[in-house]
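Structure assessment
One letter stands for each residue in the lines below.
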Amino acid sequence: MTVPNRSPVAAAPTAEEAAGDGLSTLLGRIEGRRARARHRLAQAELASAPADGAGRPSRVATPAGGGQSGDRPADGSLGIGGLRRMPPLAVDTGSGRPATGSVAGSASGAAAEPEVRVPAGAAPGTVLMVQNVAPGLLRFALARPPGFSYAAGQSVKLSLGGISRRYTMVSAPHQPYLEFFVELVPGGRMSAHLAGLRRGNRVDLAGGPKGGIALDGSARRHLMLATVTGVNPFVSILRDAVQRGRTDLGAVLVQGASHADEFGYRAELEAMAAAHPQLLSYIPTVSRPGESRNAGWSGATGRADARIADTLQRFALHAADTAAYACGNPGMVDTARRRLSDLGFAVRVERYD
Ligand SMILES: Cc1cc2nc3c(=O)[nH]c(=O)nc-3n(C[C@H](O)[C@H](O)[C@H](O)COP(=O)(O)OP(=O)(O)OC[C@H]3O[C@@H](n4cnc5c(N)ncnc54)[C@H](O)[C@@H]3O)c2cc1C
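Let me begin by describing the structure that accompanies this report. Given the structure is predicted, the values throughout are model-derived calculations rather than measurements.

Now for the pairing of strand 13 (residues 322-328). Counting buried residues in strand 13 gives seven out of seven residues, a clear majority hidden from the surface. As a crossover connection, the stretch from strand 13 through helix 7 (residues 330-342) into strand 14 (residues 347-351) is right-handed.

Let us look at the site of the ligand. Lining the immediate environment of the ligand, one finds 22 residues, of which Val182, Gly188, Arg189, Met190 and Ser191 sit closest. Breaking the shell around the ligand down by element, the ones donating at least two residues are strand 6 (163-168), strand 7 (177-183) and helix 3 (189-195). Considering every element that reaches the shell around the ligand, the biggest residue donor is strand 6, with five residues. Of the domains in this structure, domain 1 (58-205) and domain 2 (221-351) are the two that each give at least three residues to the shell around the ligand.

Okay, the nonpolar core next. With 83 residues, the main nonpolar core has Leu225, Leu238 and Leu253 as its most contacted residues. Per-element accounting of this core gives the leading share, seven residues, to helix 5 (residues 266-275). The contacts of Leu225, once residues within four sequence positions are left out, are Val254, Ala304, Asp305, Tyr325, Ala326, Met332 and Ala336.

Let us look at the environment of Pro330. Relative to the helices and strands, Pro330 resides in helix 7. The class for Pro330 is partly exposed, based on 16 C-beta atoms found within 10 Å. In this structure the C-alpha to C-alpha distance between Pro330 and Asp353, which are 23 residues apart in sequence, comes to 6.6 Å.

Let us now look at the sheet that holds strand 8 (residues 204-205). Taken in spatial order, the three strands make up an open sheet running 6-5-8, and their pairing is antiparallel. The sheet terminates laterally at strand 6 and strand 8, the two strands that pair on one side only. Pairing of strand 5 (residues 155-160) with strand 8 involves two bridges; the strand directions are antiparallel. Looking across to strand 8, one finds that Ser159 is bridged to Asp204.

Before going further, it helps to spend a moment on the pairing of strand 4 (residues 137-143). For strand 4, a buried count of seven out of seven residues is recorded, marking the element as mostly surrounded by other parts of the structure. Alternating positions in strand 4 separate into two faces, Leu137, Arg139, Ala141 and Ala143 on one and Leu138, Phe140 and Leu142 on the other, with burial throughout. Taken together, the six bridges between strand 3 (residues 127-134) and strand 4 define a ladder with antiparallel strand orientation. Of the residues in strand 4, the one forming a bridge with Asn132 is Leu138. Linking two consecutive strands that pair antiparallel, namely strand 3 and strand 4, is a turn of two residues; a positive phi of about 75° is found at Gly136 within it. Two strands pair when backbone bridges link them, and strand 4 and strand 7 are joined in this way by seven bridges, in the antiparallel orientation. Bridge pairing links Phe140 to Phe180 in strand 7.

Strand order in this open sheet of three strands is 3-4-7, and the pairing throughout is antiparallel. Strands at the two margins of the open sheet, each flanked by one partner only, are strand 3 and strand 7. Within this sheet the neighbouring strands show an average axis-to-axis angle of 15°, counted without direction.

The rules behind these values
Residues numbered from 1 in each chain as written. Predicted model: local features only at pLDDT ≥ 70, side-chain atom pairs only at ≥ 80, totals over all residues. Buried ≥ 20, exposed ≤ 12 C-beta atoms within 10 Å, placed from the backbone. Helix = DSSP H or I, 4+ residues; strand = E, 2+ residues; numbered from the N terminus. Right-handed = clockwise from strand over helix to strand, strands pointing away. Near = placed C-beta within 6 Å. Domains from an automatic or database assignment. Core = buried A, V, L, I, M, F, W, Y, C linked by C-beta atoms within 7 Å. Contact = placed C-beta atoms within 7 Å. Pairing = 2+ DSSP bridges. Axes fitted to C-alpha atoms, helices over the stretch in contact; angles between N-to-C directions.

Take it as geometry only, folks, not as evidence of what the structure does.
Structural data, given as structure tokens:
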């Protein structure tokens, strides 16, 4: 029998499973996972409350992980569509604490989450947290300038060492810091500066927020396709939805990566999906399941754009009431747009090229 790939936490059981003898055991297991995930999410949501304005530092849980750069060669030097990554970096979360310190990792094996502290009076753009998620993948958080407002899913230009590049914010508008998840490109000029980023450094924001991917408020369902750091606008949108109590979005997020350690927000997204099943179903999928780095992976396999057809079917997503979005690797984005447009979906895209 072919066993469909399923998200480790978020997905509902298949009809075959539900009809099987072990129904009550299965449901018990799922409920147990959901309870654990609800607990983790509650911790994270508590920690990510807006600054209280009383000058106390805000302590914010932020996830670890990575996303899909896709089909890089085994040495990790090239990604899907030619994305390239820099080798592993040093981790600097500041204050001598380990990067994966404060929030428990996912029961399914996703990386633990680092902590962001926002000290009272931190200068705008001060680096509050840096985490090496996986080789060539970096998360960092900056002190948010007073008055800097943005919509979930927008990007902003960052300047460092005289170089400016656009990055999509992972943080949601209610959060007291700006969070980013970046893929470091070998030979890339901004990447070289980001590779040396340390807590306490300053990064300038060149201009205000722009563009990005916005949620289609008229759609009843949402299909979100991402590779690696392309998950950023969707994490921002989903955090925002939780904050607003919009936990009925019916979103299905498919995130592709070459390796399981690259899903930067897996722990958070799994917890979110388990705590709010009507908000999100999350499907991380690895494109190189045979590699030793993916040993133990039991989730979905294949590239994100190769999972479109079965995702549409499994979640009964139809063009008439579903908004589709694709973000990240240009190859994935173009393929997804073509395939979904052919099926009548309106597709919102953001390419990271
Ligand atoms: C709207 C928008 C939002 C973005 N958001 C993010 C984000 O959230 N996270 C993120 O990591 N990046 C994001 N990017 C990409 C980012 O702006 C930079 O392009 C990227 O960090 C590379 O900059 P660099 O200066 O290091 O490379 P450059 O010096 O500009 O380029 C060096 C070489 O690498 C090639 N190159 C550039 N980018 C890539 C890439 N991604 N993969 C492979 N080769 C590349 C270039 O063609 C060039 O040959 C976004 C881009 C846009 C347009």
